[in-house]
Amino acid sequence: MKKIIIHHGFHPEVKREYNGEHIHKVLYERGGVEGKDFHTGAHLNDQTTFYRLDNNAWIKGLGNEKYVTDWTDEERWGRVEEVEYDDAGNVLSRQDLGFMILRVDRSKGLL
């Protein structure tokens, strides 16, 4: 049996179910970036990873399965993977599918 799982760390107590939302594929990954975040001025450590999606947006990983658009922390994303289980419930395989948007604030012009 295959199941699509959404990983998100902003509210881990809330289980987010996949309901057919669009999954954006990762076109490019850039990791190990040091320096300062262009928008917030916060220091980036070598664990910061940026992902370019098929809609030409960049999202950044903040650690602990937290992903935001690189230009705002208001647009939050979840990592989506397909997990295949056997009849006993053991994991047979995992495949990353991409990212899907979890929260958008349209009143502020996000997305």
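Model, not experiment: these values are computed from the prediction.

Asker: Residue-level account of the side chain of Arg 79, with values.
Answerer: With respect to the helices, strands and loops of the structure, Arg 79 is situated in strand 8 (residues 76–85). In this structure the side chain of Arg 79 is engaged in a polar contact, spanning 2.7 Å, whose partner is the side chain of Asp 96. Excluding its chain neighbours within four sequence positions, the residues that come into contact with Arg 79 are Ile 5, Ile 6, His 7, Glu 65, Tyr 67, Asp 96, Gly 98 and Phe 99.

Asker: Tell me about the environment of Gly 20, and name the residues and values.
Answerer: Following the sequence through the fold, Gly 20 ends up in the loop between strand 1 (2–7) and strand 2 (26–31). Under the relative-accessibility criterion, Gly 20 is labelled exposed at 54%. The spatial distance from the C-alpha of Gly 20 to the C-alpha of Ile 4 is 9.9 Å, given a sequence separation of 16 residues.

Asker: Before we move on, can you summarise the pattern of salt bridges with the specific residues and values?
Answerer: Tallied over the full model, the rule gives 6 salt bridges. Between Glu 81 and Arg 79 there is a salt bridge whose closest N-O contact spans 3.8 Å. Taken individually, Glu 81 and Arg 79 each receive the classification buried, so the pair is uniform in this respect. The exposure class assigned to Glu 81 is buried, which follows from its relative accessible area of 5%. Via salt bridges that share partners, Glu 65, Arg 79, Glu 81, Arg 94 and Asp 96 belong to a single interconnected network.

Asker: Describe the pairing of strand 7 (residues 66–69), and please don't skip the residues or the numbers.
Answerer: In terms of strand pairing, strand 6 (residues 58–63) meets strand 7 through 4 bridges, oriented antiparallel. Paired with Gly 61 across the strands is Tyr 67, a residue of strand 7. Counting the residues between successive antiparallel strands, the hairpin from strand 6 to strand 7 contains 2 residues, one of them, Asn 64, with a positive phi of roughly 55°. Hairpin connection between strand 7 and strand 8: a loop of 6 residues separates the two successive antiparallel strands.

Asker: How would you sum up the packing of aromatic side chains? Please name residues and give values.
Answerer: Under the definition given, this model contains 4 aromatic pairs. Ring plane angle 85° and centroid distance 5.9 Å describe the contact between Tyr 28 and Trp 58, whose orientation is recorded as edge-to-face. Here Trp 58 lies in strand 6 and Tyr 28 lies in strand 2, a separation of 30 residues in the sequence. Using a relative accessible area of 46% as the deciding quantity, one classes Tyr 28 as partly exposed.

Analysis parameters
- Residues numbered from 1 in each chain as written.
- Predicted model: local features only at pLDDT ≥ 70, side-chain atom pairs only at ≥ 80, totals over all residues.
- Heavy atoms only, no water.
- Helix = DSSP H or I, 4+ residues; strand = E, 2+ residues; numbered from the N terminus.
- Polar contact = N/O pair within 3.5 Å; in protein donor to acceptor, adjacent residues only side chain to side chain.
- Contact = heavy atoms within 4.5 Å.
- Buried < 20%, exposed > 50% of the residue type's maximum accessible area, 1.4 Å probe, protein only.
- Salt bridge = Lys/Arg side-chain N within 4 Å of Asp/Glu carboxyl O.
- Pairing = 2+ DSSP bridges.
- Phe/Tyr/Trp six-rings, centres within 6.5 Å; stacked < 30°, edge-to-face > 60°.

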